Amino acid sequence: WLYVAYVCLHGFGTAGIHSGLINCIYDYVPREDRAIALSVKNAIGGILTFFTALISGVIMTAIQKNGGFTILGVNLYAQQVLSFISFIAVTILIAYMRIVIAPLKKVES
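Note that the structure is predicted; figures quoted are calculated from it, not measured.

Visitor: Provide a residue-level description of the packing of aromatic side chains, including the pertinent values.
Guide: For any pair of aromatic rings, geometry is given as the distance between the ring centres together with the angle between the planes. One pass over the full model with this rule turns up three aromatic pairs. Ring geometry for Y3 and Y6: centres 6.3 Å apart, planes at 35°, overall tilted. In this pair, Y3 and Y6 are both assigned in helix α1 (residues 2-28), three residues apart and thus about one turn of the helix distant. Residue classification places Y3 among the exposed positions, given a relative accessible area of 63%. Looking at Y6, the relative accessible area reads 49%, which means it is partly exposed.

Below is the structure:
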C-alpha cells in the first residue's frame, strides 16, 4: 500500500509540475510560437535528463565504491548525496524563476 501511495503522490506532483511549466509557456510566449516553445522545452529537457542521469550514475558509483563517507559522524550514502544535490538545484531554479522569469512581461492572450 505504501507503493500505491507513492505512485499516486508522484503522479499528482508530476501533473502539477508539468501543468505549471506549460502555463509558463502560455504566459510568456506569443500564441504563434507556443508549439515551437513546447517542442524546444521538451527536447532540451530530454537531453538534460539524459546527461543528468549519466552524471548521477558516475557520482553514485564513485560514492558506492568508496563505501560512502562520513560528515560530523553521520554516514552518508550515494542516494542522500544525490538528493541533496537535487535540493540545491531545485532551490536555485526556484530563485531563478522568481528573480528572472516572474518579472518578465506576460503576453496578452
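Visitor: Go over the side chain of R34, please, and point to the residues and values.
Guide: Locating R34 in the fold gives a position in helix α2 (residues 34-65). One buried charge, R34, has no salt-bridge partner; the nearest side chain with opposite charge is D27, at 6.9 Å. Only 3.0 Å separates the side chain of R34 from the backbone oxygen of Y26, close enough to count as a polar contact. The contact partners of R34, leaving out residues within four places of it in the chain, are I25, Y26 and V29.

Visitor: So what's going on with α2? Residues and values would help.
Guide: In a regular helix each residue adds 1.5 Å, so 32 residues correspond to 46 Å; α2 covers 46 Å between its end C-alpha atoms and thus fits that length. In the segment just after α2, G67 is the residue with positive phi, at about 75°.

Visitor: How would you explain the pattern of salt bridges if you had to name every residue and give the values?
Guide: Counted according to the given criterion, the structure contains one salt bridge. When the shortest N-O distance is used, the salt bridge between D27 and K106 registers 3.8 Å. On the criterion of sequence distance, the pair formed by D27 in helix α1 and K106 in the segment after α3 (78-101) is long-range, its members being 79 residues apart.

Visitor: Kindly report on the environment of G11, identifying the contributing residues and their values.
Guide: Tracing the chain through its elements places G11 in helix α1. G11 sits in the partly exposed class, given a relative accessible area of 36%. Residues G11 and E32, spaced 21 residues apart in sequence, show a C-alpha to C-alpha distance of 30 Å.

Conventions and cut-offs
- Residues numbered from 1 in each chain as written.
- Predicted model: local features only at pLDDT ≥ 70, side-chain atom pairs only at ≥ 80, totals over all residues.
- Heavy atoms only, no water.
- Phe/Tyr/Trp six-rings, centres within 6.5 Å; stacked < 30°, edge-to-face > 60°.
- Helix = DSSP H or I, 4+ residues; strand = E, 2+ residues; numbered from the N terminus.
- Buried < 20%, exposed > 50% of the residue type's maximum accessible area, 1.4 Å probe, protein only.
- Lys, Arg positive; Asp, Glu negative; His and termini not counted.
- Salt bridge = Lys/Arg side-chain N within 4 Å of Asp/Glu carboxyl O.
- Polar contact = N/O pair within 3.5 Å; in protein donor to acceptor, adjacent residues only side chain to side chain.
- Contact = heavy atoms within 4.5 Å.
- Expected span 1.5 Å × (residues − 1).

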